[in-house]
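In case you want the letters, here they are:
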Amino acid sequence: MLITHDTECALSILVELLNTAPEACGTEQLPDVPALSAFVVRQEISEIDSLTPADVTAVQAVRGRLREVFSADSTDRAAELVNAVVAAAGTTPRLTNHDHHGWHIHYFAPHAAIGDHLAAELGMALAFIVMAGERERLRRCEAPDCARVFVDLSRNRSRRYCDSRTCGNRLHVAAYRARQRSAEAVTTG
């Protein structure tokens, strides 16, 4: 699957945004303007003017609609959800060349509100995934106590955990310890 640099960057922002939700991490990670501002800076989101409490509410709403795509029960439903998000944002595709990124497409109007900006940009990244027939790459972590999401960009679509250093290692260590206890029980029993 060929994913452009822009789409890969948007998918990265998408995952980070979705994993700020209370259902992903237990508490709201974007509760106010300073947290949203820090997210914008951390993700290097361009063309954002001042942020307001209304922007926080809009981003939380967009985040919820985008998260639904990960749990859609069919490609038709995923496409319907993506179309609704992108249409509501009023996309305005345009070529741009800024910050040494070379020519690329922005799907939002210049200086659009952050909610519309994210809906257009991240919605289009999801549209490319659905259009390519790669919806199965949109995954939830398989760790039983984790609700985070990720996009599996591995060649063989084999990624199972949001982060192999945390969820993956934790489960591998637990399985190893269970095997050790089982082996000890056999030898002592």
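Our structure's up above, just so we're on the same page.
Definitions and cut-offs
- Residues numbered from 1 in each chain as written.
- Predicted model: local features only at pLDDT ≥ 70, side-chain atom pairs only at ≥ 80, totals over all residues.
- Heavy atoms only, no water.
- 1 Å grid on protein atoms, 1.4 Å probe; cavity = no way out; pocket = protein on both sides within 12 Å on 5 of 7 lines; lining within 4 Å.
- Points joined across faces, edges and corners; volume = space filled by probe spheres on them.
- Helix = DSSP H or I, 4+ residues; strand = E, 2+ residues; numbered from the N terminus.
- Nonpolar A, V, L, I, M, F, W, Y, C, P; charged D, E, K, R; others polar.
- Salt bridge = Lys/Arg side-chain N within 4 Å of Asp/Glu carboxyl O.
- Buried < 20%, exposed > 50% of the residue type's maximum accessible area, 1.4 Å probe, protein only.
- Pairing = 2+ DSSP bridges.
- Lys, Arg positive; Asp, Glu negative; His and termini not counted.
- Polar contact = N/O pair within 3.5 Å; in protein donor to acceptor, adjacent residues only side chain to side chain.
- Contact = heavy atoms within 4.5 Å.

Asks: Looking at this structure, how should I read the layout of surface pockets?
Replies: Unfilled space is identified by rolling a water-sized probe across the atoms. Considered as a void within the structure, the largest pocket measures approximately 440 Å³ in volume. Taken together, 20 residues line the largest pocket, and the ones lying closest to its centre are Cys-9, Ile-13, Gln-43, Glu-44 and His-101. Among the secondary structure elements, those contributing two or more residues to the lining of the largest pocket are α1 (5-18), β2 (103-106) and α6 (114-131). Looking at which element gives the most residues to the lining of the largest pocket, the answer is α1, with six residues. Among the residues forming the lining of the largest pocket, the class breakdown is seven nonpolar, nine polar and four charged.

Asks: How should the pattern of salt bridges be read in this particular structure?
Replies: Once the charged atoms of two side chains with opposite charge are near each other, the side chains can pair. Inspection of every chain in the model, using the stated rule, returns nine salt bridges. Residue Arg-77 is joined to Glu-80 by a salt bridge in which the shortest nitrogen-to-oxygen separation is 2.4 Å. Taken together, the positions of Arg-77 and Glu-80, both in helix α5 (residues 75-89) and three residues apart, correspond to about one turn of that helix. You can call Glu-80 partly exposed: its relative accessible area is 48%. The structure contains a network of salt bridges with shared partners spanning Glu-134, Glu-136, Arg-137 and Arg-157.

Asks: Which parts of the structure should I look at to understand the pairing of strand β1 (residues 94-97)?
Replies: In the case of a regular strand, side chains alternate between the two sheet surfaces. As paired elements, β1 and β2 share four bridges and run antiparallel to each other. Residue pairing across strands places Asn-97 opposite Trp-103, the latter belonging to β2. The antiparallel pairing of β1 with β2 creates a hairpin that spans five residues between the two strands, and Asp-99 there sits at a positive phi of about 50°.

Asks: Would you explain the side chain of Asp-55 in this entry?
Replies: Assignment of secondary structure puts Asp-55 in helix α4 (residues 53-70). Buried Asp-55, no salt bridge; nearest opposite-charge side chain is Arg-65, N-O distance 12 Å. Reaching out from Asp-55, the side chain makes a polar contact with the backbone nitrogen of Thr-52 at a distance of 2.9 Å. Ignoring sequence-local partners within four residues, the contact set of Asp-55 consists of Leu-36, Ser-50, Ala-113 and Ile-114.

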